[in-house]
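So you can see what is in the structure, the chains are spelled out below.
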Amino acid sequence: MKVELDTKQTLSEEEIQLLLQQPNQRSYARFRDYVMILLFVDSGMRVQEVCSLDILDIDFISRCINLPAIKNKNRKNRIIPLSNEVSRRLHELYNETKLHFDTKAVFVSNFG
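Residues numbered from 1 in each chain as written. Predicted model: local features only at pLDDT ≥ 70, side-chain atom pairs only at ≥ 80, totals over all residues. Heavy atoms only, no water.

Asks: Tell me what's going on with the packing of aromatic side chains, and back it up with residues and numbers.
Replies: The tally for this structure, following the rule as stated, stands at 1 aromatic pair. A centroid spacing of 6.3 Å and a plane angle of 55 degrees characterise the contact between Y28 and F101, whose relative ring orientation is tilted. Taken together, the residues span a long stretch of sequence, with Y28 in helix α2 (residues 28-43) and F101 in the segment after α4 (84-100) at a distance of 73 residues. (Phe/Tyr/Trp six-rings, centres within 6.5 Å; stacked < 30°, edge-to-face > 60°. Helix = DSSP H or I, 4+ residues; strand = E, 2+ residues; numbered from the N terminus.)

Here's what the structure looks like:
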């Protein structure tokens, strides 16, 4: 028999604003964390989906993420729309990343 799932409480506008104010964006790692939080809030992506995101998955012209089935929990391709702000911040983060690291990953550690 199927069991009813509990619904999860969403964050209020005030809680989201407080969350986005936490990372000090002056360091690379904290700016990366800020962009990651923005992406979570804007897209509803899962942690594993965000962590495995490559620059080739992002279409900056049409402002969407083409998430392949291999990176997706339900193993189906998904197209995730992005807001202008998140698209701009992702592009900014990737430009900063490629200055220091030779990788196609969007979110990397301080050591690449």
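Asks: How would you explain the sheet that holds strand β1 (residues 58-59) if you had to name every residue and give the values?
Replies: An order of β1-β2-β3 is seen for the 3 strands of this open sheet, with the pairing classed as antiparallel. Each having just a single partner strand, β1 and β3 (78-81) make up the two edges of the open sheet. Sheet topology note: the strand β2 (residues 64-67)/β3 ladder contains 4 bridges and is antiparallel. By the bridge assignment for β3, L67 is matched with R78. (Pairing = 2+ DSSP bridges.)

Asks: Go over the packing of helix α1 (residues 13-21) against α2, please, and point to the residues and values.
Replies: Remark: α1 packs on α2, axes separated minimally by 9 Å, with the N-to-C direction vectors making an angle of 160 degrees. Here α1 is positioned roughly antiparallel relative to α2, judged by the angle of their axes. Across the interface between the two elements, I16, L19 and L20 from α1 touch Y34, I37, L38 and V41 from α2. Within the contact of α1 with α2, the residues separate by chemical class into 7 nonpolar, no polar and no charged. (Axes fitted to C-alpha atoms, helices over the stretch in contact; angles between N-to-C directions. Parallel < 35°, antiparallel > 145°, perpendicular 65-115°, else oblique. Contact = heavy atoms within 4.5 Å. Nonpolar A, V, L, I, M, F, W, Y, C, P; charged D, E, K, R; others polar.)

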